[in-house]
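Analysis of the macromolecular model
Now for the letters of each chain:
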Amino acid sequence: MRSLLLAVTLCILPCVLGQCNGTNCNLPNCRCFDDVNAPGKLQASSIPQIIMVNFEGTITKVNVAFYQQILQETNPNGCPVKGTFFITDEGTDYATVKTLYDQGNEFGISSIKGTTPASSTAWINEFKKVQSALVQVGLKSGDIQGVRVPQLIVGGTDQFIGMGSNGLTYDSSCVSAGYSDAPTMIWPYTYDFVPGVKCDIGNPPDIPFPGVWQMIMADLHDINGDKFPCAVPSGCRNITTKRDAFDLFFTAFQAHYTGKRTPFNMVIDPAFAANTDLRDGTIEFLQYVRAAFGDDVWILPMTKALQWIKTPVPLSGVKTFQPWGCS
Ligand SMILES: *[C@@H]1O[C@H](CO)[C@@H](O)[C@H](O)[C@H]1NC(C)=O
Ligand SMILES: *[C@@H]1O[C@H](CO)[C@@H](O)[C@H](O)[C@H]1NC(C)=O
């Protein structure tokens, strides 16, 4: 009773009523969405520019051949780069999933067949089914941490109940045009305090989920005209040539790199990867940033990026940062 009272006094009331700040929310397990400092209060010049290349949907032998071509670079510590795959269960070739996992890629969950569950129970079952399929083929359940929901329609509290019930610790579905330019971009943050950022599509949880992260995505921008924001590359207008694809990603990269060096969450949707010119532009972009920006640019799966965010080390020490070693 007494300890319950203490718990209520220490957490639940401030968590619901208080403002997130540096007194009640600190790394490694809590970060306020409006924290103006980088993790570790590092200056931009001491921050590795993280690029997280991520894919979503059904995994087949055909599209994996495209994805493998995109993941050919090497990080500054000599380790081959890996991506993050958010799986749609229906139609997925799980033998291919296991091969990619054994090569060090990260797997998360998208959905069973691309539709949005309608209740907390449905979310629980949705995540459970895809997680079981991954575990059944040999993935460690503890390695499955992340979620990217269909059409980026963030499912509010019900989605986060479904995640919590299945031990999932981050969502990467929130895209917000208000946080998509160099001066406004923000770091991933936790839901110890809500609601955080208002996502452009769907809703964040309206009750706290302590220690659960949002790997927020900055919009890309059209490369011409009014440079309207676009959530995923296939949604950006008039991107038809290899050069367009390169420019689309490089413009977004520069906003991150010359700005606060927040992680670049680089979504490669299946249609984009399947188009030879757009795929080649994507490959060229990754080759270029690794070649041109020396040891500053690191291409990592999301959980590895999150390990740095939780326990940051300055750029000068990242080559020996243990979680980023070859696994
Ligand atoms: C942080 O918020 C808590 C609870 O809302 C408050 O008691 C504390 O004074 C705040 N600290 C700072 C540094 O603003
Ligand atoms: C896209 O291309 C069309 C046709 O060439 C052009 O009219 C339009 O202005 C372009 N839009 C953007 C955003 O570049």
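Residues numbered from 1 in each chain as written. Chains lettered and ligands numbered in written order. Predicted model: local features only at pLDDT ≥ 70, side-chain atom pairs only at ≥ 80, totals over all residues. Heavy atoms only, no water.

Looking at an unreviewed UniProt entry, the protein chain carries the name NodB homology domain-containing protein, with the source organism given as Dreissena polymorpha.

What follows is about the overall build of the protein chain. Along the backbone of the protein chain there are 9 helices and 13 strands. Since a compact globule built from 327 residues should have a radius of gyration of about 20 Å, the 19 Å found for the protein chain is in line with a globular shape. Classification of the 327 residues of the protein chain by burial places 52% in the buried group. Look at the contacts in the protein chain between residues 6 or more apart in sequence, and 69% of them connect residues 24 or more apart. (Helix = DSSP H or I, 4+ residues; strand = E, 2+ residues; numbered from the N terminus. Rg over C-alpha atoms; globule rule 2.2 N^0.38 Å. Buried < 20%, exposed > 50% of the residue type's maximum accessible area, 1.4 Å probe, protein only. Contact = heavy atoms within 4.5 Å.)

With that settled, consider the environment of threonine 58. Looking at where threonine 58 falls in the secondary structure, it is placed in the loop between strand S1 (49-57) and helix H2 (61-70). Along the primary structure threonine 58 and threonine 92 are separated by 34 residues, whereas in three dimensions their C-alpha atoms are 4.9 Å apart. Sequence-distant contacts of threonine 58, defined by excluding residues within four places in its chain, comprise Asn63, Thr88, Glu90, Gly91 and Thr92. Within the structure, threonine 58 has its side chain in polar contact with the backbone oxygen of glutamate 90 (distance 3.2 Å). (Polar contact = N/O pair within 3.5 Å; in protein donor to acceptor, adjacent residues only side chain to side chain.)

Moving on: the state of the cysteines. Two cysteines joined by a covalent bond between their sulfur atoms form a disulfide. On inspection of all chains with the given rule, the structure shows 5 disulfides. Between cysteine 25 and cysteine 30 runs a disulfide, and the two sulfur atoms are separated by 2.0 Å. Linking cysteine 25 and cysteine 30, the disulfide has an S-S dihedral of approximately -105 degrees and is accordingly described as left-handed. Regarding the disulfides, the protein chain carries the connectivity 1-4, 2-3, 5-10, 6-7, 8-9 under sequence-order numbering of its bonded cysteines. (Disulfide = S-S within 2.5 Å.)

This paragraph deals with the site of ligand 2. All residues in the neighbourhood of ligand 2 are listed as Asn224, Arg237 and Asn238. Interatomic distance of 2.2 Å between a side-chain N/O atom of asparagine 238 and an oxygen atom of ligand 2. The protein chains hide 40% of the 360 Å² of surface that ligand 2 would expose on its own. (Near = heavy atom within 4 Å. Areas by Shrake-Rupley, 256 points an atom, 1.4 Å probe, with all protein chains shown as cover.)

Residues at a pLDDT of 70 or more form 95% of the protein chain, whose mean pLDDT is 94. Low pLDDT, under 50, characterises residues 1-9; the stretch is placed with 4 contacts to residues that sit more than four places away or in other chains. (pLDDT = per-residue confidence, 0-100.)

Throughout the structure, instances matching the rule amount to 27 aromatic pairs. Taken together through their ring pairs, the aromatic side chains of Phe246, Phe249, Phe250, Phe253, Tyr257, Phe264, Phe272, Phe285, Tyr288 and Phe293 make up a single cluster. (Phe/Tyr/Trp six-rings, centres within 6.5 Å; stacked < 30°, edge-to-face > 60°.)

Cis geometry is adopted by the peptide bond preceding proline 28, which originates at leucine 27 and carries an omega value of 15 degrees. For proline 28, the position within the fold is in the loop between helix H1 (2-17) and S1. Note the cis peptide between valine 194 and proline 195, where omega equals 5 degrees. For proline 195, the location among the structural elements is in the loop between strand S7 (189-191) and strand S8 (202-203). The residue leucine 152 is not glycine, and still its phi comes out positive at about 60 degrees. Position of leucine 152 relative to the elements: it lies in the loop between strand S4 (146-147) and strand S5 (154-155). Its identity is not glycine, yet arginine 261 carries a phi of approximately 60 degrees, on the positive side.

Here asparagine 238 shows up in the loop between strand S11 (229-230) and helix H6 (242-257). Overall, asparagine 238 belongs to the exposed group, its relative accessible area being 58%. Measuring from C-alpha to C-alpha, the distance between asparagine 238 and isoleucine 223 comes to 8.3 Å, with 15 residues separating the pair along the chain.

Core analysis: the largest hydrophobic core is formed by 67 residues, its most contacted members being Ile51, Val53, Leu134, Phe253, Phe264, Met266 and Phe285. Considering every element that reaches this core, the biggest residue donor is H6, with 8 residues. In contact with methionine 266, other than residues within four places in its own chain, are Ile51, Met52, Val53, Asn54, Phe249, Thr282, Phe285 and Leu286. Counting 21 residues, the second-largest nonpolar core is a separate cluster that includes Phe86, Trp187, Leu315 and Phe321. (Core = buried A, V, L, I, M, F, W, Y, C linked by side-chain atoms within 4.5 Å.)

This next bit is on the site of ligand 1. Around ligand 1, the structure places Gly18, Gln19, Asn21, Thr23 and Asn24. Within the side chain of asparagine 21, an N or O atom sits 2.3 Å from an oxygen atom of ligand 1. Separating an oxygen atom of ligand 1 from a side-chain N or O atom of asparagine 24 is a distance of 3.2 Å. Protein contacts shield 38% of the accessible area of ligand 1, which totals 370 Å² for the unbound molecule. A class-by-class count of the residues in the shell around ligand 1 yields no nonpolar, 5 polar and no charged. (Nonpolar A, V, L, I, M, F, W, Y, C, P; charged D, E, K, R; others polar.)

What follows concerns the pairing of strand S12 (residues 264-268). Put simply, side chains in a regular strand alternate between the two faces of the sheet. Within S12, 5 of the 5 residues are buried, leaving the element largely enclosed by the surrounding structure. Of the two faces of S12, the one carrying Phe264, Met266 and Ile268 and the one carrying Asn265 and Val267 are both buried. Inspection of the sheet shows S1 paired to S12 by 5 bridges, in the parallel sense. Bridging across to S12, asparagine 54 finds its partner in valine 267. (Pairing = 2+ DSSP bridges.)

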